[in-house]
Amino acid sequence: MTGIEIYIHIPFCVKKCLYCDFLSGVFDEKMQRRYVAALCTEIQYVAKTHPGCIVSTIYVGGGTPSWLSEDLMDAIITTVKKCFKLDPLAEVSVECNPGTLSAEKLNVYRSIGINRLSIGLQSANDDELKELGRIHDYNRFLHTYDLVRKAGFENVNVDIMTGLPHQNLQKLEKTLSSVTMLRPEHISAYSLIIEKGTPFYEKYKFDAVKQQAGMETEDLPTDEESYKLYKYTMQYLESKGYKRYEISNYARNGKICRHNVGYWDRVPYLGLGLGSASLFDNVRTNNIRDIYKYCEISESIAQGKNLDYELSSPYLETEEIISKKEAMEEFMFLGLRKINGIARSDFYQIFDIDIEAIYGPIITALRNQGFMDAKEGRLFLTDIGIDVSNQVLSKFLLDK
Ligand code: SF4
């Protein structure tokens, strides 16, 4: 039995947030139903081509999966359970947005085995939520959080963002204190990135360049201010009992997100749905990103038609074999995102060679510079190493 994780993509949102470049859009219920039927066909197809897997985590992300009506979510989870063997202690997470849940929906979630919810708050300041183009205000979030707790969910994440336009320490403090007072088990704190192709890019592209160049900015925090916001977040959350276990993720009472830890540990995963990525047997694949084409493929399969395709599945847009060298690089890049880093013994077990034989001089140099440390057979980045993690991690690229 191969232990795997499953990611399921729901590409629907009530409204597009102004900073978002994720694969999601606004589609009506008819399209949502068509997509979920196609997704269930893909789940059945992929399960047949990947026999002997045992699923340790399911993560339904998006998009806004909680916008789907409960019968559609039921259909998805039930299909996964029918087609794959699920670990009885599997973590089953769903991403939610405030205002898209009801008590009835949450009861269905619990009855089908969903045991973790991740709620996208981003900020407790209504002016910031408006600026981001979110569908909710803070009160709406509070109402949703209350529903979630009343429904009995005991493993809840809240997403917040730093580096927002005009964000300062007071505003951030309000978000952090509001969220930590609620005592969710997990908090993810990501920095805003100005992505090409978004309305935010048009509005803030010059500021983003200035920020990167360490210059004065107009709306976005400067590079130095962003660093202060990031450090403040870390210190604040740790002072409230949230242990940082990855660059942007914090948990209390050990309630880490097992699904994400699996990504950083390179556990094989199958991505199902539009645009999803998979890593299985050191082959990385990406599903097609055109929703109409995706549905047509599934509908043809469901009708028993023969399909013409070049890669190993009709759903794929790209397929790439990961070489041993690339797998080593990934092992380092991903593993060192975790605060407890990587185990030397894992490297040896996976690659059949001592880590020192590959990365010895780099590790020594980084340790001498204070960016890396070692303890009990593990290697990890120090606080200052994490602060400059992009530069540090790039050192683990191997020559072609
Ligand atoms: S809800 Fe999430 S996925 Fe949807 S537009 Fe906003 S940020 Fe993007």
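Here the residue index of a chain counts from 1 through its sequence in written order. In keeping with the model being predicted, local features are shown solely for residues with a pLDDT of at least 70 and side-chain atom pairs are shown and tallied solely at 80 or more, while totals for entire chains, interfaces and linings include all residues. Water and hydrogen atoms were dropped before computing side-chain values, which therefore reflect all heavy atoms in the structure.

*Asks:* Hey, could you run me through the overall build of the protein chain in this one?
*Replies:* We count a stretch as a helix when DSSP gives it H or I for four or more residues in a row; a strand needs E for two or more, and each element gets its number in order from the N terminus. Summing up its helical and strand segments, the protein chain has 15 helices and 15 strands in all. Taking 2.2 N^0.38 as the reference for a compact globule, 400 residues should give roughly 21 Å; the C-alpha atoms of the protein chain span a radius of gyration of 22 Å, in line with that estimate. Projected onto its principal axes, the C-alpha positions of the protein chain cover 60 × 55 × 40 Å. Out of the 400 residues in the protein chain, the part that is buried amounts to 52%. Just so you have it, the protein chain exposes about 18,700 Å², and 52% of that area is on carbon and sulfur atoms. Put simply, the radius of gyration uses C-alpha atoms, and a globule should come to 2.2 Å times the residue count raised to 0.38. We call a residue buried when its accessible area falls under 20% of the maximum for its residue type, exposed when it is over 50%, and partly exposed in between, using a 1.4 Å probe and counting protein chains only. The protein chains shown are the only cover counted for residues, whose accessible areas, like all others here, come from Shrake-Rupley with a 1.4 Å probe.

*Asks:* Any chance you could explain helix H13 (residues 355–368) here in plain terms?
*Replies:* An α-helical segment advances 3.6 residues per turn. Residues three or four places apart therefore align on the same side. Note on bend: at a given residue it equals the angle between the axes fitted to the 7 residues ending there and to the 7 starting there. Where H13 bends most, the angle comes to about 45 degrees, and this point is Pro-361. Among all positions in H13, only Ile-355, Tyr-359, Gly-360, Ile-363 and Leu-366 are buried. Tucked into the core, H13 has its buried residues touching helix H11 (324–335), strand E13 (342–343), helix H12 (344–351), strand E14 (372–375), strand E15 (378–381) and helix H15 (389–394). Polar contact is defined as a pair of N or O atoms within 3.5 Å, subject to the rule that within protein one atom must be able to donate a hydrogen and the other to accept it, and that residues adjacent in sequence are counted only when both atoms are side-chain atoms. Measuring from the side-chain oxygen of the N-cap residue of H13 to the backbone nitrogen of Glu-356 gives 3.0 Å; that N-cap residue is Asp-354. Throughout, a contact is declared for two residues whenever any of their heavy atoms are within 4.5 Å.

*Asks:* How should the pattern of salt bridges be read in this particular structure?
*Replies:* Note on pairing: side chains with opposite charge can pair once their charged atoms come close. One side-chain nitrogen of Lys or Arg within 4 Å of one carboxyl oxygen of Asp or Glu is enough to make a salt bridge. Under the defined criterion, the tally for this structure stands at 18 salt bridges. Put simply, Glu-29, Arg-33 and Asp-71 are held in one network by salt bridges that share partners.

*Asks:* Help me understand the sheet that holds E13, please; the structure alone is not making it clear to me.
*Replies:* Within a beta sheet, neighbouring strands are joined by backbone hydrogen bonds and run either parallel or antiparallel to one another. Following DSSP output, two strands are said to pair if at least two bridges run between them. Strand order in the open sheet formed by 3 strands is E13-E15-E14, with antiparallel pairing between adjacent strands. The open sheet has two edge strands, E13 and E14, and neither has a second partner.

*Asks:* Whenever I open this one, the nonpolar core confuses me. Can you help?
*Replies:* Nonpolar side chains tend toward joint burial in soluble globular proteins. Only buried residues count toward a nonpolar core. Its members are Ala, Val, Leu, Ile, Met, Phe, Trp, Tyr and Cys residues joined through side-chain atoms within 4.5 Å. Ranked by size, the top nonpolar core spans 70 residues in total, and within it Ile-8, Phe-84 and Ile-114 carry the most contacts. It is helix H1 (residues 29–49) that contributes the most residues to this core, 10 residues altogether. In this structure Ile-114 touches Met-73, Ile-77, Val-92, Val-94, Tyr-109 and Phe-153, once residues within four positions along its chain are discounted. Within the second largest apolar cluster, 25 residues are counted, among which are Tyr-230, Ala-327, Phe-351 and Tyr-359.

*Asks:* Sorry if this is basic, but what is going on with the site of the ligand here?
*Replies:* Neighbouring the ligand are Cys-13, Lys-15, Lys-16, Cys-17, Tyr-19, Cys-20, Phe-22, Ser-24, Gly-63, Thr-64, Asn-97 and Arg-134. Residues are grouped as follows: Ala, Val, Leu, Ile, Met, Phe, Trp, Tyr, Cys and Pro are nonpolar; Asp, Glu, Lys and Arg are charged; every other residue, Gly included, is polar. For the shell around the ligand, the per-class residue count stands at 5 nonpolar, 4 polar and 3 charged. Here, proximity means that at least one heavy atom of the residue falls within 4 Å of the molecule or strand.

*Asks:* Looking at this structure, I do not really get the packing of aromatic side chains. What am I missing?
*Replies:* The relative placement of two aromatic rings is captured by the distance of their centres and the angle of their planes. Two rings belonging to Phe, Tyr or Trp (six-membered ring only in the last case) form a pair when the distance between their centres is within 6.5 Å. Interplanar angles under 30 degrees mark stacking, angles over 60 mark edge-to-face geometry, and anything in between is tilted. By the definition in use, this model includes 19 aromatic pairs. Geometrically, the ring pair formed by Phe-347 and Tyr-359 is edge-to-face, given 6.3 Å between the ring centres and 70 degrees between the ring planes. Here the residue Phe-347 occupies a position in helix H12, and Tyr-359 occupies one in helix H13, the gap between them amounting to 12 residues. Judged on exposure class, the residue Phe-347 and its partner Tyr-359 are both buried. Taking the centre distance of 5.1 Å and the plane angle of 70 degrees together, the rings of Tyr-359 and Phe-396 count as edge-to-face.

*Asks:* Would you take a moment to explain the environment of Thr-382 for this structure?
*Replies:* Following the sequence through the fold, Thr-382 ends up in the loop between E15 and helix H14 (383–387). The sequence separation of Thr-382 and Arg-367 amounts to 15 residues, and the corresponding C-alpha distance is 9.1 Å. Leave out the neighbours within four places in its chain, and Thr-382 touches Gly-370, Phe-371, Met-372 and Asp-373.

*Asks:* What's the story with the domain arrangement of the protein chain in this structure? I'm lost.
*Replies:* When the parts come together, some accessible area is lost, and that loss is often what is quoted as the size of the interface. What counts as a domain boundary in this text is fixed by an automatic or database domain assignment. Domain annotation of the protein chain identifies domain 1 (2–264) and domain 2 (324–394). One C-alpha centre belongs to domain 1, the other to domain 2; they are set 28 Å apart. In this complex, domain 1 contributes 9 residues to the contact, which on the side of domain 2 involves 9 residues. Once two parts are brought into contact, the accessible area they lose, counted with a 1.4 Å probe and summed over both, makes up the buried area. Roughly 960 Å² is buried in total at the junction of domain 1 and domain 2, and carbon and sulfur atoms are behind 55% of that figure. Looking only at domain 1, the three residues that lose the most surface to domain 2 are Arg-244, Ile-247 and Trp-264, adding up to 53% of its buried area. At the boundary of domain 1 and domain 2, one finds 2 salt bridges. Counting across the interface, domain 1 meets domain 2 through 6 residue pairs in polar contact (both at pLDDT 80 or more). Sorting the residues of the side of domain 1 that touches domain 2 by element identifies helix H8 (223–239), strand E7 (243–246) and helix H9 (258–264) as the ones contributing at least two each.

*Asks:* Mind showing me how you'd approach the packing of helix H2 (residues 70–83) against helix H3 (residues 103–111) here?
*Replies:* Between two packed helices, what matters for the description is the angle formed by their axes and the separation of those axes. Relative to each other, H2 and H3 sit at 10 degrees, their axes nearing to 10 Å. In terms of orientation, H2 lies roughly parallel with respect to H3. Of H3, the residues touching H2 (which contributes Glu-70, Met-73 and Asp-74) are Glu-104, Lys-105, Val-108 and Tyr-109. Residue composition of the contact of H2 with H3, grouped by class: 3 nonpolar, no polar and 4 charged. All axes are obtained by fitting lines to C-alpha atoms, using only the stretch in contact for helices, and the reported angles, taken between N-to-C directions, cover 0 to 180 degrees. With respect to orientation, any angle under 35 degrees is reported as roughly parallel, any angle over 145 as roughly antiparallel, any angle of 65 to 115 as roughly perpendicular, and every other angle as oblique.

*Asks:* Looking at this structure, how should I read the pairing of E7?
*Replies:* Sheet topology places E7 next to strand E8 (residues 249–251); 3 bridges connect them, and they run antiparallel. Within the sheet, the bridge partner assigned to Lys-243 lies in E8 and is Ala-251. Taking the residues that link successive antiparallel strands as the turn, the E7-E8 hairpin has 2 residues.

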